[in-house]
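Remarks on the overall topology
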Amino acid sequence: MKTVKEAQDIILKNVSALGTEKVRITGALGRILAEKVFANRDHPPFDSSAMDGYAVRFEDVKGATRGNPAALEIIDDIKAGGEPKRSVEKGVASRIMTGAPVPKGADTVVRVEDTDSSKDKVKVLVPPRKGSNIRPMGENLKAGDLLLDEGDELGPAHIGTLAMVKKKEVMVYRRPRVAVLSTGDELEGIDEPLDPKKIPDANSYTVMAELESLGAEPVLLGIARDTREALEEKLREGLKYDALVISGGVAVGQYDFVRPVLKDLKIDIRFWRVALRPGHPFAFGTGEKNVIFALPGNPVSTMVCCEEFIVPAVRKMMGAKRLFRRTIKAGLKEKVKDKKGRTHFMRALLEGSPSGYSARLPGEQGSGILMSMVKADGLLIVPQESEELKENAVVTVQVGFGFPFQEEPNLPEEKSVEDE
Ligand code: AMP
Ligand code: MG
């Protein structure tokens, strides 16, 4: 039986980034860059004003006070998007707006709030520091700088940066198309009328949502009944995609036909069974051009196998460099008993505190209790050889799928401020 790490290693050896494609930046959020992006020019492209105010020579205003202001003649009016018509000589100032180019001769911008002005005269009441309120050319980006690298995940700031260098299209890795199949005679499709003797197919939707949240393209195949023929037909269909995720039918039951039928279809089952709880009958196989994940059908097992095996695999196929869910340390709020032999992924609740996170269990941990995943903020990883985690022990919690927003913004203490 493989350890979780051994199983992940085998899976990752058998997947690689798919092809690349060009996309518009409006559709690039969450995609992984397949090229390097350099700055095509300096940004800002010229020294620009950071404030609405007056462009001046520091020499002319350095001694100004409210009692003894420096009076300057206004010789120009420079808008954002405009151009200075005159340079700033001794005794004069140009009115300037935020983002407008600083005129020749000026080395400082005085903000409007620190002046008193008429149509063509300005009195500087408060001396700025030399060079104040000027954004130097290239402060944000320097021409030729490497801005974004191959393998970077595109978030809002990345997308804005692409726009800054006028890159409307970028090369990204293709999204994997992943077929999703549920198996079981007991299962009832979401559109079928409710039958008290049947179990609603939840796993198809959990798996599709996992794939969607990763940026893959799930394709719903529906439910295969527990016969070799029914399964074979659906599996053949599923093998047309980059990957196939099957839930149920992979254990040792009389009607668990997933592995034998995969073998009939010439799929090489690389391993079956992993030392994890829940989810240990997990199997992984490779076809000619695709990979197959066979997940045990209990809803929590299905989801834990998604988190541990499908997340890193899909991320690698998408070209990402960081493949795994993040783990954090937390202080355990209660004693946790466990059985030896398997790495246990327990549903955990997290709470922030001044000394970091603390973790506790949301209650029942059965592999059929999907509500434990609904409640959970993450998965508490109980090591294979651990029989007990003591209260206050520092534990590892894997977060990602459920790491929640919070009710309060938790800003530092703030007071309302009167307008100046
Ligand atoms: P299996 O892995 O096929 O032995 O299924 C184990 C348990 O998971 C059974 O109790 C099934 O009813 C349940 N199960 C299997 N597939 C699904 C599914 N798609 N949705 C919800 N529960 C399922
Ligand atoms: Mg079954």
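Criteria and thresholds
- Residues numbered from 1 in each chain as written.
- Chains lettered and ligands numbered in written order.
- Predicted model: local features only at pLDDT ≥ 70, side-chain atom pairs only at ≥ 80, totals over all residues.
- Heavy atoms only, no water.
- Helix = DSSP H or I, 4+ residues; strand = E, 2+ residues; numbered from the N terminus.
- Rg over C-alpha atoms; globule rule 2.2 N^0.38 Å.
- Contact = heavy atoms within 4.5 Å.
- Areas by Shrake-Rupley, 256 points an atom, 1.4 Å probe, with all protein chains shown as cover.
- Lys, Arg positive; Asp, Glu negative; His and termini not counted.
- Charge placed at Lys NZ, Arg CZ, Asp CG, Glu CD.
- Pairing = 2+ DSSP bridges.
- Buried < 20%, exposed > 50% of the residue type's maximum accessible area, 1.4 Å probe, protein only.
- Near = heavy atom within 4 Å.
- Polar contact = N/O pair within 3.5 Å; in protein donor to acceptor, adjacent residues only side chain to side chain.
- Axes fitted to C-alpha atoms, helices over the stretch in contact; angles between N-to-C directions.
- Domains from an automatic or database assignment.
- Core = buried A, V, L, I, M, F, W, Y, C linked by side-chain atoms within 4.5 Å.
- Parallel < 35°, antiparallel > 145°, perpendicular 65-115°, else oblique.
- Left-handed = near helix turned anticlockwise from the far one by under 90°.
- Nonpolar A, V, L, I, M, F, W, Y, C, P; charged D, E, K, R; others polar.

We now examine the overall build of the protein chain. Helix and strand counts for the protein chain come out as eight helices and 28 strands. Relative to the globule expectation of 22 Å for 420 residues, the C-alpha radius of gyration of the protein chain, 31 Å, shows a markedly less compact shape. Its C-alpha atoms give the protein chain principal-axis dimensions of about 95 × 50 × 40 Å. Taking the intrachain contacts of the protein chain between residues at least 6 apart in sequence as the baseline, contacts between residues at least 24 apart amount to 71%. Approximately 22,500 Å² of the protein chain is accessible, and the part contributed by carbon and sulfur atoms is 50%. Once the 63 positive and 64 negative side-chain charges of the protein chain are each reduced to a mean point, those two points are 4 Å apart.

Our focus in this paragraph is the pairing of strand S5 (residues 70-78). Summarising the sheet, S5 and strand S9 (residues 121-124) pair through four bridges and their orientation is antiparallel. Considered in S9, the bridge of Glu 73 is made with Lys 121. Across five bridges, the pairing between S5 and strand S6 (residues 92-96) is parallel. Its bridge partner being in S6, Asp 77 is matched across the sheet by Arg 95.

Here His 43 and Pro 44 are connected by a cis peptide whose omega angle stands at -5 degrees. Among the secondary structure elements, Pro 44 is positioned in the loop between strand S2 (37-38) and strand S3 (48-49). Here Arg 277 and Pro 278 are connected by a cis peptide whose omega angle stands at -10 degrees. At Lys 166, a residue that is not glycine, the phi angle is positive and equals roughly 60 degrees. With a relative accessible area of 65%, Lys 166 lands in the exposed category. The backbone of Arg 273 sits at a positive phi, close to 85 degrees, despite the residue not being glycine.

Residues in close proximity to ligand 1 total 16 residues, the closest being Glu 186, Asp 201, Ala 202, Gly 249 and Gly 297. Residue Asp 201 places a side-chain N or O atom 2.8 Å away from a nitrogen atom belonging to ligand 1. For ligand 1, the protein covers 78% of the area, taking 480 Å² as the surface of the free molecule. Of all the elements in the fold, those that place two or more residues in the shell around ligand 1 are strand S13 (177-183) and strand S15 (199-200).

Bringing the sheet that holds S9 into the picture now. The mixed open sheet is built from six strands, whose spatial order is S7-S4-S6-S5-S9-S8. Single-partner strands in this sheet number two, and they are strand S7 (108-111) and strand S8 (115-117). Strand-to-strand twist of the sheet, defined as the mean angle between neighbouring strand axes without regard to direction, takes the value 35 degrees.

A few words on the domain arrangement of the protein chain. Taken domain by domain, the protein chain holds domain 1 (4-16 + 175-317), domain 2 (20-43 + 140-173), domain 3 (48-135) and domain 4 (327-398). Using only C-alpha atoms to locate each centre, domain 2 and domain 3 end up separated by 36 Å.

The next point concerns the nonpolar core. Core analysis: the largest hydrophobic core is formed by 43 residues, its most contacted members being Phe 282, Phe 293, Leu 295 and Phe 309. If you list the elements that add at least two residues to this core, you get helix H1 (4-13), S13, helix H4 (203-214), strand S17 (243-247), strand S21 (291-295) and helix H7 (299-317). The dominant element in this core, judged by the number of residues it contributes, is H7, at 11 residues. Once residues within four sequence positions are removed from consideration, Phe 309 is found in contact with Val 4, Ala 7, Gln 8, Ile 11, Val 274, Leu 276, Phe 282 and Phe 293. Listed in part, the 21 residues of the second largest apolar core include Ala 179, Leu 235, Leu 244 and Ile 246.

The next subject is the packing of H4 against H7. It is the contact of H4 with H7, at a shortest axis distance of 10 Å, that shows an interaxial angle of 25 degrees. Taken together, the axes of H4 and H7 are roughly parallel relative to one another. Note on packing geometry: the crossing formed by H4 with H7 is right-handed. Residues Asn 203, Thr 206, Val 207, Glu 210, Leu 211 and Leu 214 of H4 form the contact with H7, whose own contacting residues are Pro 299, Thr 302, Met 303, Cys 306, Glu 307, Ile 310, Val 311, Val 314 and Arg 315. Of the residues contributing to the contact of H4 with H7, the split by class is nine nonpolar, three polar and three charged.

Below, the discussion takes up the packing of H1 against H7. Angle between the axes and distance between the axes are the two parameters that describe a pair of packed helices. Packing of H1 against H7 leaves a shortest axis separation of 10 Å and a crossing angle of 30 degrees. If you check the angle between H1 and H7, you find them roughly parallel. Like other packed secondary-structure pairs, H1 and H7 cross with a definite hand, here right-handed. Contact residues: H1 offers Val 4, Ala 7, Gln 8, Ile 11 and Leu 12, while H7 offers Glu 308, Phe 309, Pro 312, Ala 313 and Lys 316. Considered class by class, the residues forming the contact of H1 with H7 number seven nonpolar, one polar and two charged.

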